[in-house]
Amino acid sequence: MKKNLPTICLIALICSCSFIAKGQTPRLQLFEYFDDDNLFPFGSVANRYFDALENANTGKMISIKYHIQSQTGDDSMNLENSGQTQLREFFYNVFAIPWAIQDGGDTTKRLFSGVPDTLIQSKVDARSGMLSPFKISVSHALNATHDSILTHTVIIKTGALTASLTAQVVVIERTIHYNTAPGLSGDVNFENVMKEMLPAPLGGTALPAMNVGDTTVLNLSWKLANVHDTSQLAVVSFVQDNATLEVYQAGYSAPFARLN
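Residues numbered from 1 in each chain as written. Predicted model: local features only at pLDDT ≥ 70, side-chain atom pairs only at ≥ 80, totals over all residues. Heavy atoms only, no water.

Here's the deal with the overall build of the chain
- Helix and strand counts for the chain stand at four helices and 13 strands.
- Within the chain, the proportion of its 260 residues that are buried is 55%.
- Contacts in the chain between residues far apart in sequence, at least 24 positions, make up 75% of those at least 6 positions apart.
- Here the chain has roughly 11,300 Å² of accessible surface; of this, 58% comes from carbon and sulfur atoms. (Helix = DSSP H or I, 4+ residues; strand = E, 2+ residues; numbered from the N terminus. Buried < 20%, exposed > 50% of the residue type's maximum accessible area, 1.4 Å probe, protein only. Contact = heavy atoms within 4.5 Å. Areas by Shrake-Rupley, 256 points an atom, 1.4 Å probe, with all protein chains shown as cover.)

This is how it looks when you write it as C-alpha cells:
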C-alpha cells in the first residue's frame, strides 16, 4: 500500500523505485556534526580527519553539519541559519564542539558521540553491518528559475518495527568554498553544511503506521536563501524514532551539475 502525506509542493521528479524490498535493508548511517568555523586548531583538525573518513566510506555514511554559535565569535554559516541549528543542538543536548553523533540516540544509547577525530573505522563498520527496517530513496531538482529546491523522498518499510517515527528532509550544501577563511580556524572549505530542515528542525514529518512493504512519499520544497552555490545543493532524508532518538535509515541525493 502506498501512502502519500500532505505535501508543501507536489512536484514531478523521476524516482527509481521499481520494486519493494522485503526483509532488512543495507544501512546508510547518519552523522550529525556540530561545528564552528572559529575553532583553532581543534576544529580544523577534526574537520579534515572526519571529512577524509567520510569520503573513504561513501555508501556507508553521510553527514549533516550544523554550524553553531559559540563564545569564540560569529560563525558565518551559523548566521545564515541560526534558529534551526540551535534547536538541533538543544535536541541532542550538545555542550561541546566540535561534536559528532552517529545515528542519533539519547545520551545513554549513542553508538558514537564525541570529538569527530576520535571516530574510528571500526565504529563505522560495526553500524554498517546492522541492517535497517527501511529503504530510503531521495531525489531533488531546482525549479525553472533556480530559486527553489524540490525534494522527493520515498520511504519503504522493509522490516518489522513498532515505534513512533519521524521523517526529516534536510537540504545541505555539499561543499562551501571561501576565497579567504571566514573564521579563526583558517579553513576555507566546509562540507555538508545544513541549509534548511523541512518542514521543521524538530517536528519533521510524522510517519503513519506502516506495514512491511508499505511506502510513504514526501514531496517538500524550499525557497532558497543564503545558498553559496546551487550546483552544490544536496538532500539528506532520514527516519528517526521520536522516543529513543535513534536514526534507523538515511538516504542521500548528491549534487548535480549546473544546467546553464
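Points about the side chain of aspartate 241
- Tracing the chain through its elements places aspartate 241 in strand 12 (residues 233–241).
- Of the side chains bearing the opposite charge, lysine 109 lies closest to the buried aspartate 241, which forms no salt bridge; the N-O distance is 8.8 Å.
- A polar contact of 3.2 Å, which involves the side chain of aspartate 241, links it to the backbone nitrogen of threonine 244. (Lys, Arg positive; Asp, Glu negative; His and termini not counted. Salt bridge = Lys/Arg side-chain N within 4 Å of Asp/Glu carboxyl O. Polar contact = N/O pair within 3.5 Å; in protein donor to acceptor, adjacent residues only side chain to side chain.)

Examining the nonpolar core
- Ranked by internal contacts, the top residues of the largest apolar core, which has 21 residues, are Phe134, Ile149, Ile155 and Val239.
- Counting residues per element, the ones that place at least two in this core are strand 6 (134–142), strand 7 (148–157), strand 8 (165–177), strand 11 (215–223) and strand 12.
- Discounting chain neighbours no more than four positions away, the residues touching isoleucine 155 are Phe134, Lys135, Ile136, Ala167, Leu207, Met210, Asp214, Thr215, Thr216, Leu218 and Val239.
- Listed in part, the 20 residues of the second largest apolar core include Ile68, Ile101, Ala234 and Ala250. (Core = buried A, V, L, I, M, F, W, Y, C linked by side-chain atoms within 4.5 Å.)

Section: the pattern of salt bridges
- Under the defined criterion, the tally for this structure stands at 10 salt bridges.
- For the salt bridge of arginine 127 with aspartate 103, the shortest nitrogen-to-oxygen distance reads 2.7 Å. Linking arginine 127 in helix 4 (residues 121–128) with aspartate 103 in the loop between strand 4 (99–102) and strand 5 (113–114), this pair joins segments that are 24 residues apart in sequence. The burial state of arginine 127 is the same as that of aspartate 103; both residues are buried.
- Salt-bridge contacts for arginine 127 lead to glutamate 246; the nearest nitrogen and oxygen are separated by 3.1 Å. Residue arginine 127 is located in helix 4, and its partner glutamate 246 is located in the loop between strand 12 and strand 13 (247–253); the two are separated by 119 residues in the primary sequence.
- Since its relative accessible area comes to 25%, glutamate 246 is described here as partly exposed.
- Because the salt bridges share partners, they merge into one network encompassing Glu80, Glu173 and Lys195.

A short note on the confidence of the model for the chain
- Per-residue confidence for the chain gives a mean pLDDT of 88, with 89% of residues at or over 70.
- Note that residues 5–21 has pLDDT below 50 and, in this model, 41 contacts with residues that lie over four places away or in other chains. (pLDDT = per-residue confidence, 0-100.)

Side note on the pairing of strand 6
- A large share of strand 6 lies buried, amounting to eight of its nine residues.
- Bridge count between strand 6 and strand 7: nine bridges; the pairing is antiparallel. Looking at the pairing, histidine 140 lines up with threonine 151 of strand 7.
- Between strand 6 and strand 7, which pair antiparallel in sequence order, lie five residues; one of them, histidine 146, sits at a positive phi of approximately 60 degrees. (Pairing = 2+ DSSP bridges.)

Points about the packing of aromatic side chains
- Tallying each qualifying case throughout the model produces six aromatic pairs.
- An angle of 70 degrees between the planes, with centres 5.8 Å apart, marks the rings of phenylalanine 31 and phenylalanine 50 as edge-to-face. Of this pair, phenylalanine 31 sits in strand 2 (residues 29–35) while phenylalanine 50 sits in helix 1 (residues 42–55), and the two are 19 residues apart along the sequence.
- Ring-pair connections join several aromatic residues into one group, and the members of that group are Phe34, Tyr66, Phe91 and Tyr92.
- Geometry around tyrosine 33 places lysine 65 over its ring, the cationic atom sitting 4.6 Å from the centre. (Phe/Tyr/Trp six-rings, centres within 6.5 Å; stacked < 30°, edge-to-face > 60°. Lys NZ or Arg CZ within 6 Å of the ring centre and 35° of its normal.)

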